[in-house]
Amino acid sequence: MAEPDGPDSEGTVPGGRYSVAFPKRWWYPACPSSTLRSKPVAITLMDAPVVLYRDATGFPRALVDRCPHRNVPLSAGRVHPSGTIECGYHGWRFDGAGSCVAVPGLLGKDAAASPTRNVPAYATTERDGFVWIWPEQGSEPTGEPFALPAFDAAPSKVGEVVFAYDLDCTMHAALENALDVPHTAFLHGGIFRSGEQHDITAVRRDLNDGVEVEYLGEPVAFGPIKTLPGGARTFDHWDRFFLPCVAQVEYRVAPWVRIVNTILHLPLSPFRTRAWFVVRFSSPLPAKAMRPIVLARGRGILKQDADFLALQTENARRFGGERYTSTELDLLGNGIWRLLRRAERAERAGTPPADEPSSESGTVTFRA
Amino acid sequence: MAEPDGPDSEGTVPGGRYSVAFPKRWWYPACPSSTLRSKPVAITLMDAPVVLYRDATGFPRALVDRCPHRNVPLSAGRVHPSGTIECGYHGWRFDGAGSCVAVPGLLGKDAAASPTRNVPAYATTERDGFVWIWPEQGSEPTGEPFALPAFDAAPSKVGEVVFAYDLDCTMHAALENALDVPHTAFLHGGIFRSGEQHDITAVRRDLNDGVEVEYLGEPVAFGPIKTLPGGARTFDHWDRFFLPCVAQVEYRVAPWVRIVNTILHLPLSPFRTRAWFVVRFSSPLPAKAMRPIVLARGRGILKQDADFLALQTENARRFGGERYTSTELDLLGNGIWRLLRRAERAERAGTPPADEPSSESGTVTFRA
Amino acid sequence: MAEPDGPDSEGTVPGGRYSVAFPKRWWYPACPSSTLRSKPVAITLMDAPVVLYRDATGFPRALVDRCPHRNVPLSAGRVHPSGTIECGYHGWRFDGAGSCVAVPGLLGKDAAASPTRNVPAYATTERDGFVWIWPEQGSEPTGEPFALPAFDAAPSKVGEVVFAYDLDCTMHAALENALDVPHTAFLHGGIFRSGEQHDITAVRRDLNDGVEVEYLGEPVAFGPIKTLPGGARTFDHWDRFFLPCVAQVEYRVAPWVRIVNTILHLPLSPFRTRAWFVVRFSSPLPAKAMRPIVLARGRGILKQDADFLALQTENARRFGGERYTSTELDLLGNGIWRLLRRAERAERAGTPPADEPSSESGTVTFRA
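Each value, and the rule that gives it
Residues numbered from 1 in each chain as written. Chains lettered and ligands numbered in written order. Predicted model: local features only at pLDDT ≥ 70, side-chain atom pairs only at ≥ 80, totals over all residues. Heavy atoms only, no water. Contact = heavy atoms within 4.5 Å. Buried area = accessible area lost by both parts, 1.4 Å probe. Salt bridge = Lys/Arg side-chain N within 4 Å of Asp/Glu carboxyl O. Polar contact = N/O pair within 3.5 Å; in protein donor to acceptor, adjacent residues only side chain to side chain. Nonpolar A, V, L, I, M, F, W, Y, C, P; charged D, E, K, R; others polar. Helix = DSSP H or I, 4+ residues; strand = E, 2+ residues; numbered from the N terminus. Expected span 1.5 Å × (residues − 1). Buried < 20%, exposed > 50% of the residue type's maximum accessible area, 1.4 Å probe, protein only. Pairing = 2+ DSSP bridges. Axes fitted to C-alpha atoms, helices over the stretch in contact; angles between N-to-C directions. pLDDT = per-residue confidence, 0-100. Phe/Tyr/Trp six-rings, centres within 6.5 Å; stacked < 30°, edge-to-face > 60°. Lys NZ or Arg CZ within 6 Å of the ring centre and 35° of its normal. Least-squares fit on C-alpha atoms with pLDDT ≥ 70 in both. Disulfide = S-S within 2.5 Å. Parallel < 35°, antiparallel > 145°, perpendicular 65-115°, else oblique. Left-handed = near helix turned anticlockwise from the far one by under 90°.

## Quick word on the interface of chain B and chain C
Logical step 1: On the chain C side, the residues contacting the 26 residues of chain B number 31 residues.
Logical step 2: Of the roughly 2400 Å² buried between chain B and chain C on both sides combined, carbon and sulfur atoms contribute 59%.
Logical step 3: The three residues of chain B that bury the most area against chain C are B:Arg70, B:Tyr89 and B:Leu107, which together make up 30% of that side's buried surface.
Logical step 4: At the boundary of chain B with chain C, the tally comes to 3 salt bridges.
Logical step 5: The salt bridge involving B:Arg70 is made with C:Glu176; its shortest N-O contact spans 2.8 Å.
Logical step 6: Counting every contact that joins chain B to chain C gives 12 residue pairs in polar contact (both at pLDDT 80 or more).
Logical step 7: Grouping the constituent residues of the side of chain B that touches chain C by class yields 13 nonpolar, 8 polar and 5 charged.

## Some details on helix H4 (residues 287-318) of chain B
Logical step 1: For H4(B), built from 32 residues, the straight-helix expectation of 46 Å at 1.5 Å per residue is met to within 8% by its first-to-last C-alpha distance of 45 Å.
Logical step 2: Positive phi appears at B:Gly320, one or two residues downstream of H4(B), with a value of about 80°.

## Description of unusual backbone geometry
Residues and elements named next belong to chain A.
Logical step 1: Residues leucine 243 and proline 244 are joined by a peptide bond in cis, for which omega reads 0°.
Logical step 2: Within the secondary structure, proline 244 sits in the loop between strand S14 (236-242) and strand S15 (246-253).
Logical step 3: Phi is positive for aspartate 47, close to 80°, though the residue is something other than glycine.
Logical step 4: Its location among the elements puts aspartate 47 in the loop between strand S2 (41-45) and strand S3 (48-54).
Logical step 5: Relative accessible area serves as the criterion here: at 47%, aspartate 47 is assigned to the partly exposed category.

## A look at the sheet that holds strand S15 (residues 246-253) of chain B
Residues and elements named next belong to chain B.
Logical step 1: Taken together, 8 strands build an open sheet; the order of strands is S11-S17-S16-S15-S14-S13-S12-S18 and the sheet is antiparallel. Each edge of the sheet is formed by a strand with only one pairing partner; in this case those strands are strand S11 (158-167) and strand S18 (362-367). With direction set aside, neighbouring strand axes in the sheet form an average angle of 15°.
Logical step 2: Bridge count between strand S12 (residues 199-207) and S18: 6 bridges; the pairing is antiparallel. Among the inter-strand pairings, isoleucine 200 is bridged to a residue of S18, identified as phenylalanine 366.
Logical step 3: Lying over the sheet, H4 contacts S11 and strand S17 (272-282), oriented at roughly 20° with respect to S11.

## Some words on the interface of chain A and chain C
The figure often quoted for interface size is the accessible area lost as the parts come together.
Logical step 1: On the chain C side, the residues contacting the 31 residues of chain A number 26 residues.
Logical step 2: Carbon and sulfur atoms make up 58% of the surface buried where chain A meets chain C, a total of about 2400 Å² over both sides.
Logical step 3: Among the residues of chain A in contact with chain C, A:Phe186, A:Phe319 and A:Thr325 are the three that bury the most area, contributing 27% of the side total.
Logical step 4: Counting residues per element, the ones that place at least two in the side of chain A that touches chain C are helix H1 (171-178), helix H2 (181-187), helix H4 (287-318) and strand S18 (362-367) of chain A.
Logical step 5: Element by element, the count of residues in the side of chain A that touches chain C is highest for H4(A), at 7 residues.

## Regarding the pattern of salt bridges
Logical step 1: For the coordinates displayed, the defined rule picks out 64 salt bridges over all chains.
Logical step 2: Across the pair C:Asp307 and C:Lys303 runs a salt bridge, and its minimum N-O distance is 2.9 Å. Of this pair, C:Asp307 and C:Lys303 both sit in helix H4 (residues 287-318), separated by 4 residues, roughly a single helical turn.
Logical step 3: A relative accessible area of 42% places C:Lys303 in the partly exposed class.
Logical step 4: In this structure, a network of salt bridges that share partners links the residues A:Arg205, A:Glu212, A:Glu214, A:Arg240, A:Glu250, A:Arg252 and A:Arg258.

## Observations concerning the confidence of the model for chain A
Logical step 1: For chain A, per-residue confidence averages 88 on the pLDDT scale, and residues scoring 70 or more make up 88% of the total.
Logical step 2: Overall fold confidence (pTM) sits at 0.91, and the ipTM for the predicted complex is 0.91.

## Some remarks on the packing of aromatic side chains
Logical step 1: A full pass over the atoms with the stated rule returns 26 aromatic pairs over all chains.
Logical step 2: Look at A:Phe130 and A:Trp276: their rings are 5.6 Å apart centre to centre, the planes differ by 70°, and that puts the pair in the edge-to-face class. In this pair, A:Phe130 sits in strand S10 (residues 130-134) while A:Trp276 sits in strand S17 (residues 272-282), placing the two residues 146 residues apart along the sequence.
Logical step 3: Within the aromatic cluster, the residues linked to one another by ring pairs are A:Phe130, A:Trp132 and A:Trp276.
Logical step 4: One cation-aromatic arrangement involves B:Arg66 over C:Phe319; the distance from NZ or CZ to the ring centre is 4.2 Å.
Logical step 5: The side chain of C:Arg258 reaches across the aromatic face of C:Phe151, ending 4.3 Å from its centre.

## Details of the relation of the copies chain A and chain C
Logical step 1: Structural alignment of chain A on chain C gives an RMSD of 0.1 Å, achieved by rotating through 120° and translating 0.0 Å along the axis. With respect to symmetry, the two chain copies, as superposed, fit the operation of a three-fold axis.

## With respect to the sheet that holds strand S8 (residues 100-102) of chain C
Residue and element names in this part refer to chain C.
Logical step 1: The antiparallel open sheet is built from 4 strands, whose spatial order is S5-S6-S7-S8. Each edge of the open sheet carries a strand with a single partner, namely strand S5 (78-79) and S8.
Logical step 2: In this sheet, S8 lies alongside strand S7 (residues 93-94) in antiparallel orientation, the contact comprising 2 bridges. The residue bridging phenylalanine 94 from the neighbouring strand is cysteine 100, located in S8.

## Regarding the state of the cysteines
Residue and element names in this part refer to chain A.
Logical step 1: In this structure the tally under the stated criterion is 0 disulfides over all chains.
Logical step 2: Free cysteine: cysteine 31, not disulfide-bonded; nearest cysteine sulfur from cysteine 245 at 14 Å.
Logical step 3: Between cysteine 245, a free cysteine, and cysteine 169, which holds the nearest cysteine sulfur, the sulfur-to-sulfur gap is 14 Å.

## Notes on the packing of helix H1 (residues 171-178) of chain C against H4(C)
Residues and elements named next belong to chain C.
Logical step 1: It is at 11 Å that the axes of H1 and H4 come closest, and there the two elements cross at 140°. With respect to H4, the axis of H1 lies oblique. By crossing handedness, the relation of H1 to H4 is classed as right-handed. The segment H1 lies against H4, with Ala173, Ala174 and Asn177 engaging Asp305, Leu309 and Gln312.
Logical step 2: Looking at the contact of H1 with H4, its residues break down into 3 nonpolar, 2 polar and 1 charged.

## Re the pairing of S12(B)
Logical step 1: Note that S12(B) and strand S13 (residues 210-216) of chain B share 7 bridges and pair antiparallel. The residue bridging B:Val203 from the neighbouring strand is B:Glu214, located in S13(B).

## With respect to the pairing of strand S9 (residues 121-127) of chain B
Residues and elements named next belong to chain B.
Logical step 1: Bridging between strand S4 (residues 60-64) and S9 involves 2 bridges; their strand directions are antiparallel. When the sheet's bridge partners are listed, alanine 62 is paired in S9 with tyrosine 122.
Logical step 2: Examined bridge by bridge, S9 and strand S10 (residues 130-134) share 5 bridges and lie antiparallel to one another. Following the sheet pairing, arginine 127 is matched in S10 by phenylalanine 130.
Logical step 3: If you look at the hairpin formed by S9 and S10, you'll find 2 residues sitting between the two strands, and aspartate 128 has a positive phi there, around 55°.

## Structural notes on the side chain of B:Arg70
Logical step 1: Relative to the helices and strands, B:Arg70 is located in the loop between S4 and strand S5 (78-79).
Logical step 2: Of the polar contacts made by the side chain of B:Arg70, one reaches the backbone oxygen of C:Thr325; its length is 3.2 Å.
Logical step 3: A distance of 3.0 Å separates polar atoms of two side chains, one belonging to B:Arg70 and the other to C:Ser326.
Logical step 4: Residues within four places of B:Arg70 in sequence aside, it is in contact with B:Tyr89, B:His90, C:Glu176, C:Gln312, C:Tyr324, C:Thr325, C:Ser326, C:Asp330 and C:Asn334.

## A look at the environment of C:Pro29
Residues and elements named next belong to chain C.
Logical step 1: By the secondary structure assignment, proline 29 is in strand S1 (residues 28-32).
Logical step 2: As for proline 29 and tryptophan 92, which are separated by 63 residues in sequence, their C-alpha atoms are 28 Å apart.
Logical step 3: Look past the residues within four positions of proline 29 in its chain and what remains in contact with it is Phe130, Val131, Trp132, Cys245, Leu264, His265, Leu266 and Trp276.

Right, here's the structure in full:
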């Protein structure tokens, strides 16, 4: 396996080279379903202001967050009882496709309708507790949003914890961090690390629109849980990336414990990324008892990561761009970057992403 | 009457199209007379820092707010007992024409005088309770500042209320907002709107250096006062713009009530506009009783407008420029823009503004 | 003596002319020795982020403040017990020359060593209670840092006060301000100035890599001390600049009193300058009694200066650049600028600074 090189030179942010790539013909998480209720919700998607709301049928809608009349954000208005979204300044209203359906004061039947008064709309869908958005206006969405993992254990033993964080970094840096093992051993040492060190072998494999690393021989004490039933000594552990925005970390000690942390990323802007951590787990303990433990540990780790990701971003900007060097321990960062860039290039060229192998397969042994 | 188009494409702010036009050979309000006392007052005029002060005779003076020596703002100094303005750093002093008259320490009679030490001055005048300033240095002011309206009712029945607000928007957006009826019916609905709707006819006319709209058939309940003596059912109502910076709204129910709200604008910078609301009124009630009512209503409305104007500005900038669409209900915004642009172009060409008709005359009927 | 002209037109900050010059082949103060202990210290040097720390021998080290791996600042890490500096994210470690000596997890002897993993280092030295840094990487330092003045009075009568301030201005403006007499008479009038005025003669002389002004006939009451033993009526007073960053003000009333205020400047960035005021003094009074008086006066004066320097900077930037005019009372500002520019130009040309006379010698008489 060749030594991974640094991100290539085609980052898209002016003023320096940054690992910013935004493939646009993919589903991205917009918000959890439960947070989209009777009020409009404002987000930015790759720096573009977007307003989310539910129409009269409860279906989630997404429009460019600008009234065509005097440009105030539609998210400063409200959802009208008719299920249309109403601008707060002059009361213009728009349906879920962005068509203007009311201009208060204007006389004449259908007087409101005019192509110059329409707001561009984004395709949306809802799945697994999230509203998803398709960033490219005017293109037909293909495929389904990423499916969260299913568990087959008894319901009382299966739990879920979801928490969110806005990270001051590129989506690429967030993805790499989520799947990076060496910083876990070091930065989160106080939480994770045992006194002893072990040689661990990592096997990297291409996935369909993604890449996976499996760790062999990883001692239990290295992971988030230090004692296991039955005296098991090693975990099964996989780290996975799926285009365009999903990191997934799975731990198993068959048949007792399974933890899958699926991290869904929304690129708010080049250097700000919203992450939802959806942790699903099953264990011999009741899920109810596990939830507070998982939540507390997850939040503690996340805070440390968020601080360093912000420092990384700020410093790269102080120096006018990223200048990374990598070792063979950087198992996924460069592969993620190549997949993101490849997807972006294919969209620009108007072709589907090539299904070529990433040349990322192979094994690495390291010590942790 | 043709459908008004959006602001044309010659906005002067780099990085996008914005309705920013600053005609410079006109009087602008600098500050209320009563606020210019013994201390220098700093403003910006079209982004240029200006210091205002009163000389030994009490006459208001305006200089570029920069000491020619080491560039500190003169407004950080004081008015010297001699009536000159004194820099706070080294004590250099300047007369009302900006000539340097003292450099502490420098020996020799008239040693201070030197053309390289002079500060450019702006022409000023005082009228109707305001200090006015002429933005173009070196050109001879022509004409008088805008005259506030006179009332002929008994003095005890005539009142005045003045309040100020710094708006986060272009001067054009502030002027349009001040004279826009449809948003009044919608945004200020809780204050203004009755349950019933009526057809109202608007008659638009060119004025000398301005434009006016008269509203016919406007029901009382639509305006700021809901009950009128004598059971009158309709207001007389005019909205007026006068170059370069005055909006005026007049309501009358002859012979009982007259309210004239004259709004004087100072363009601090492209996206920040200071507005003084000078409300004069006469009614059967004593002016003293009316003042707190007028003030409370005015301030409540203004706060709502200020919030939306700030949202409008911020959103236009997030999208890299304005992209407005208009209907025939946008009665004055586009005419104001054309007058501002025409004045600015005439100054650049070195010719007086052409006295061509604005093609804005005509009638529109709408419902409110 | 020719009238000094303003700073020439080669200021190096884009977007306007500013007195910004950063000669790079000179020693600059990095921090007081006493503030560099067990934790890394972050500074910026001419806008470049630098981390300072002490190695295993206690020697001060300075590296570019960026880990080559993922670019987080090394100053967010710690000094490892081995005396190397350790990045806080993945634990990479670097020696005092910036060579990578550890990558946790990487297998194989000397696996960490790689030219792509090294951090550029700055030369450092320690003298007179300060750590000094040489801004040009890769060039061999020449000469010694500026030597603080020695006093030969009895130790109990000799005192030192050091205080620091971050000034919002160019290093040039800070240097000029520190050595400018006229503003002292005016701005600090409440502290310094007597009622009476006197003619004072200033004699300006070239120094080796610097310039000096001696004041003749300066009355005691003008300076910081109003009563002197023995009824002395005049001070001896010198103001001095030494390349690249030292201002020095010396007062003497032989043989009783001597005060030397040496101000060491660190150009953090074009418009932010850290200044250490090292005041050494001897007097008939015990040094212990003098210290609080010197400290209180020094801080009071400094606060006034800092406020005006910030106003000067902000206003120059509002106007898009400096536009200074000078008189013969501006005894040192322009000479300092010429020396800074000459040093910078010589470095660019690759030649040693020319030892030409500055044509600054001569006398000026003024009143204060």
